[in-house]
Every structure is written in C-alpha cells, then in structure tokens.
Amino acid sequence: MIKYLDLKTINKPYEHAADEVLRSGWYLKGDWTRRFEEAYADYIGTKHCIGCGNGLDALTLIFRAYMELGVMQEGDEVIVPANTYIASILAITENRLKPVLVEPSLDTLQIDDALIEQAITERTRAIMIVHLYGRCAYTDRIGDICRRHHLKLIEDNAQAHGCVCDAVLPHRFVATESRQTRTGFLGHAAAHSFYPTKNLGAFGDAGAVTTDDDELADLVRALGNYGSARHYVFDYQGRNSRMDEIQAAILLAKLRDLDANNQRRKEIAALYINKVKHPDILLPQCDRDSVYHIFPLLCSRRDELQRYLADNGVGTEIHYPIPPHRQRCYAKGAQNWLSELSEWPSLSLPITERIHAEELSIPCNPALSDDETVCIVALINRF
Ligand SMILES: Cc1ncc(COP(=O)(O)O)c(C=O)c1O
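Structural notes, computed from the coordinates.

About the thresholds
- Residues numbered from 1 in each chain as written.
- Predicted model: local features only at pLDDT ≥ 70, side-chain atom pairs only at ≥ 80, totals over all residues.
- Heavy atoms only, no water.
- Near = heavy atom within 4 Å.
- Polar contact = N/O pair within 3.5 Å; in protein donor to acceptor, adjacent residues only side chain to side chain.
- Areas by Shrake-Rupley, 256 points an atom, 1.4 Å probe, with all protein chains shown as cover.
- Nonpolar A, V, L, I, M, F, W, Y, C, P; charged D, E, K, R; others polar.
- Salt bridge = Lys/Arg side-chain N within 4 Å of Asp/Glu carboxyl O.
- Helix = DSSP H or I, 4+ residues; strand = E, 2+ residues; numbered from the N terminus.
- Buried < 20%, exposed > 50% of the residue type's maximum accessible area, 1.4 Å probe, protein only.
- Pairing = 2+ DSSP bridges.
- Patch = residues over 30% accessible without salt bridge, like charges linked within 9 Å, V, L, I, M, F, W, Y side chains within 5 Å.

Thoughts on the site of the ligand
Inspection of the region around the ligand gives N54, G55, L56, Y85, A87, V130, D156, A158, Q159, S193, K198 and Y320 as its neighbouring residues. Interatomic distance of 2.9 Å between a side-chain N/O atom of Q159 and an oxygen atom of the ligand. S193 places a side-chain nitrogen or oxygen 2.7 Å from an oxygen atom of the ligand. Against a free-state accessible area of 390 Å², the protein chains account for coverage of 90% of the ligand. Partitioned by chemical class, the residues of the shell around the ligand number six nonpolar, four polar and two charged.

Here's the deal with the pattern of salt bridges
Overall, the coordinates contain 28 salt bridges when judged by the stated rule. Note that R34 is salt-bridged to D31, the shortest N-O span being 3.3 Å. Note that R34 and D31 are positioned in helix α3 (residues 31-44) at a spacing of three residues, about one turn of the helix. Classification of R34 by relative accessible area gives partly exposed; the value is 38%.

With respect to the sheet that holds strand β11 (residues 295-299)
Strand order in this open sheet of three strands is β10-β11-β12, and the pairing throughout is antiparallel. Both outer strands of the open sheet, β10 (281-282) and β12 (359-362), are each paired with one neighbouring strand and no more.

Thoughts on a nonpolar patch on the surface
Residues L22, Y27 and L28 make up a contiguous nonpolar surface patch of roughly 290 Å² in combined accessible area. By the element assignment, Y27 lies in the loop between α2 (15-24) and α3. On the accessibility criterion, Y27 (44% relative accessible area) is partly exposed.

Limitation: the analysis is restricted to geometry and does not speak to function.
Dropping the structure here:
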C-alpha cells in the first residue's frame, strides 16, 4: 500500500524535539516559541512572525487587526479565489467582511489576475491571494492592482511554505525591480498554517502571521493573547490563539529540513509531469517555483480513477470535493449576517466547479520513494 501521506515516517526524526519540551516543564509563551518566531521571520524575510493557534486564526487575526486599525470596516469587500479552501473565506466572514469570489485560471489553478480588476468596487479593501497546492499565486499584475487601488495584499500561505519566486513588489520596493522572494513576504501580511499535513507541519495545530508592519504585528499578538499586550491589562476583546512550546520546538527542527524536503517534492512532481501520459488526465503545468504541497490532477473520470488507484494500493485525496459557494454554511437559511451570501448556491463559477469535480491529489511528499513514484506513474498510464 502506498499511503497518500505517511506522517509517522516523516515525523519520526523530530520526536526528540517534543520530548525536550515535555521534560522542560514550560509549555507556553517560552523560549521555543520565541526562537521559532525569529527563525521563521528570518526565513520568510519579514520583520515579524507571530505564532498562533492555527492557520484559520492567523488569517482571522489579520483581518481583525486591520479592523481595529480602521483600515477595514464591517461590510467592506475582500477579493478571494473562488476555489480556495473554506478557511480563507471563513476568516473574512467571521470579521463581517464580504468575500468577493474570483475564478481561478485553469492553467495555474490560482486566482485569475485578468478578472480581479472588474471585481473591484469602492468598498474593496484587500485582495487575498492563496498559494494553493504550493504554487505562488502572486503576479506582478496583482501587485500593480493593489498599488493603483490602494488595497492591502494578504497572503494565505497555508500551502506554500518555502516557495521562492521572482516578483515585482510595488508596495515594498521600487515598482519595477524584480526580486527573488518567498511567499509570505509578498503581501502586507501573510497567514501560515502548520497543520500536520503541510510542508512545514506540526504535531497538532499551529499557525503564524508574518508581516513587516509593526503596528499590525503588535495588534495580532495582543488579539491572540486575549487582547492583552501587558499582563492582565486588556485593551481589546481578543481570543486565545497561541503557538505552544511543543509545536514551536518541532517546527524549529523541521524548518531546517524544509528546503530539502521541498526539493524532493519538486523531483517527484517533475517525474509525474514528464511521465504521466493519459488522454483523460490534465496535469498541472510545470512550475519551477511550486513546492507541490499537493500534486493536483484533473480528470473527468476522477472518482473512477480514485477507486482504481485505491484498488491497486495507492492512497489519494480530493482537494476539495465541494466549492465554498456550494457549501451549506453559506446557503439560504443558514445564519448569514450578509443576505447576499445566501445567493452563493445559485452562483455559476464554471472553472471552480470543474476543478472541484475533477481534482485528484496523488502522493507527492518526501516519504515517497523513487520506486513508488514510478509505480504510481505506470498505474495511471494504464488507467
Ligand atoms: C489554503 C488554506 N488556508 C487556511 C487553512 C487553515 O489552516 P488551519 O487548518 O491551520 O486552521 C488551510 C488548512 O488546511 C488551508 O489549506
């Protein structure tokens, strides 16, 4: 059996990090978290990294902080790719902001930058890009749109830790200058999830916000600590969302191996891209930047392909079976603060719907051997 993802094998070398924390007797707000935050900020290239409980909280806290700062107000709009994971959208609606769904491009499976400008209204305050499947969603065009419309650029970097890309960042340095940079550095703020399956995955839930903005960083930290920046003084109605010491120690150890592990993912992806040849299967376009958190195929007979691979001992996943606009949480009758969200089920988003109907994720991770990869290729080609 080839597992979709064998976390037991991947995590074995890092168990000692958890043991060290267990023996230390100190579990929260300690040295491990501080050291991880410093190391991760350094890795991403930002001034600040604030550890928090998970990726959804990281996203939610960014919006909440912008609302506290008066940058956004209830009912303001945030542009977001329609084919994202639900958490990107929950973070927007939880803050009573309005998600405006934009279709992805079928070539990249990322937000289609040619469709963004027509979705902008006078209430648009931000564009959230989601580096889905490990591929960088940023384009120079998106950076330029943000600058011209004075919009915040927020990155959902849950799936692309370590992705390096060439970018022109008009809000950071000279508008025409292209630099090598990591996802998580591209926007005004970025949210990272360290959910166990991620490229940089904890042994439970964990997340982080990265930013260069001092004010935003202080606010995010306070909001995730009950709204308190000083012991037992509460300036905001915050929440409890902190990274714990065990996760921080594990993440610090795993961060050292992240680039090597991403390189292995790229090798496996290259093999799939070069060797899988099937008339019913659309492969992702080769992308040298992608860190292949997920290797997504599109197949019109997706469910049949999944069953066939399972019957032949290969585990797969679907990311994701139902698009956000068709989820019951936003359907008519559900508790929507914004009546327009009730219209979502009748929205027609053909590219998003096709991706959700046809996507199949095949194993692509550092625990996969060459033989297993070759075996998966042969099976798919015989489908
Ligand atoms: C694109 C995306 N955004 C946000 C999240 C939320 O992260 P978490 O599960 O850590 O809350 C995930 C996690 O699965 C994700 O894939």
